[in-house]
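Inside the fold
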Amino acid sequence: MYDHSSPFAQARTPGAEPKAAFALKRLRRAVIECELRPGTDCSEPDLAQRFGLGRAAVRTALTTLAAEGLVAVEPRRGWRVAPVTGALIGDVIRARQALEPGLAELRLPSDAAAGLMALTRMGAALQEREDRQALVTLRAADRQILDRLAALAGGLVGRWLDEAWNQADRITAFFDLAGRHHRPPRREALIAALAAGDAKAARHEITAALTAFQDFATAALLSLPSSLEVAGTKQGRRRRQTGPEATPQARPPRPHQQGDIT
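Residues numbered from 1 in each chain as written. Predicted model: local features only at pLDDT ≥ 70, side-chain atom pairs only at ≥ 80, totals over all residues. Heavy atoms only, no water.

**A short note on the packing of aromatic side chains**
According to the stated counting rule, one finds 2 aromatic pairs in the structure shown. Between F175 and F216, the ring centres sit 5.8 Å apart and the planes meet at 90°, which makes this aromatic pair edge-to-face. Separated by 41 residues along the polypeptide, F175 in helix 7 (residues 155-176) and F216 in helix 9 (residues 199-223) bring together distant segments of the chain. The same class applies to F175 as to F216, namely buried. An aromatic cluster of at least three residues, connected via ring pairs, comprises F174, F175 and F216. The ring of F213 has R96 lying over it, and the distance from NZ or CZ to the ring centre is 4.9 Å. (Phe/Tyr/Trp six-rings, centres within 6.5 Å; stacked < 30°, edge-to-face > 60°. Helix = DSSP H or I, 4+ residues; strand = E, 2+ residues; numbered from the N terminus. Buried < 20%, exposed > 50% of the residue type's maximum accessible area, 1.4 Å probe, protein only. Lys NZ or Arg CZ within 6 Å of the ring centre and 35° of its normal.)

**Some words on the confidence of the model for the protein chain**
Confidence along the protein chain averages 84 in pLDDT terms, with 80% of residues attaining 70 or more. In the model, residues 229-262 has pLDDT below 50 throughout and makes 77 contacts with residues more than four positions away in sequence or in other chains. (pLDDT = per-residue confidence, 0-100. Contact = heavy atoms within 4.5 Å.)

**Comments concerning helix 8 (residues 188-196)**
Among the residues of helix 8, those classed as buried are L190, I191, A193 and L194. Take helix 8 and look down its axis: the buried residues cluster within an arc of 160°, on one side only. Contact partners of the buried residues in helix 8: helix 5 (110-127), helix 6 (132-153) and helix 9. Directly after helix 8, the chain includes G197, whose backbone phi takes a positive value near 75°. (Arc of directions from axis to C-beta.)

**Things to note about the sheet that holds strand 1 (residues 41-42)**
Here we have 3 strands laid out as an open sheet, ordered 1-3-2, and antiparallel in their pairing. Each edge of the sheet is formed by a strand with only one pairing partner; in this case those strands are strand 1 and strand 2 (71-74). Sheet topology places strand 1 next to strand 3 (residues 78-81); 2 bridges connect them, and they run antiparallel. Residue pairing across strands places D41 opposite R80, the latter belonging to strand 3. (Pairing = 2+ DSSP bridges.)

**Here's the deal with a nonpolar patch on the surface**
The grouping of L156, V157 and W160 at the surface amounts to a nonpolar patch, some 260 Å² of accessible area in total. Here L156 lies in helix 7. Since its relative accessible area comes to 45%, L156 is described here as partly exposed. (Patch = residues over 30% accessible without salt bridge, like charges linked within 9 Å, V, L, I, M, F, W, Y side chains within 5 Å. Areas by Shrake-Rupley, 256 points an atom, 1.4 Å probe, with all protein chains shown as cover. Salt bridge = Lys/Arg side-chain N within 4 Å of Asp/Glu carboxyl O.)

**Things to note about the pattern of salt bridges**
This structure, assessed with the given rule, holds 16 salt bridges. A salt bridge links R28 to E68, with the nearest nitrogen and oxygen atoms 2.7 Å apart. Pair noted here: R28 is in helix 1 (residues 19-32) and E68 is in the loop between helix 3 (55-67) and strand 2, with a separation of 40 residues, a long-range link. Of the two residues examined, R28 and E68, each falls in the buried class. A salt bridge links D142 to R187, with the nearest nitrogen and oxygen atoms 2.7 Å apart. Taken together, the residues D142 in helix 6 and R187 in the loop between helix 7 and helix 8 connect sequence positions 45 residues apart. The class of R187 is buried, set by a relative accessible area of 7%. Look at the salt bridges and you will find they share partners, linking R143, D147, D162 and D169 into a network.

Structure (structure tokens):
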């Protein structure tokens, strides 16, 4: 799962982490948080130097990130961070519409429900704050809730959810660059519904959260400048366009009505 370096994360036992695993985690986080900005080119030597990683570990990590749709290989030129476009946003929304409603069928063990409710209470306290750090921490707490639900779903569904949420987090970070900030929804009602085995109520909460993300992404995309500047390579390569005109499918599709999602 994506490591958000959250204050809610479980403590790790001290010890050396395998270099390849560390490189993958570090570069994935850099891409998702737009530290490596969408549409920019990067090379293995530059990434190794910038993040203090080995070349072999960087190459292995980039290959995995390419399979996740976060970067793409550029023949004879290195690698390119995947741009954020209307088409990508639409794909992410459709993937989430297909996958997330299935979480409504989960049955939470009592210990899992207690842990998730504790996270929702922390999130509720952060909802009242407007400062940037509170928003960052709120997003991390919300992702921890989602990750725990994905772990309960398990298998391919859990992995697909993880990749869809990684892309959604990257879209959110991308719009942060333009001053448009998405605040995660409150999750108390969702966790309470799952704990009570109320699939209908849980599905309603999931659909409402998806609709809120859809509305945010649509409004943010349509208000984006014609070209959101991104950092070029050290050679000063021409900046790439990532605004709504960069793809003919700029406006993501509206979510289905609740009764249409299965």
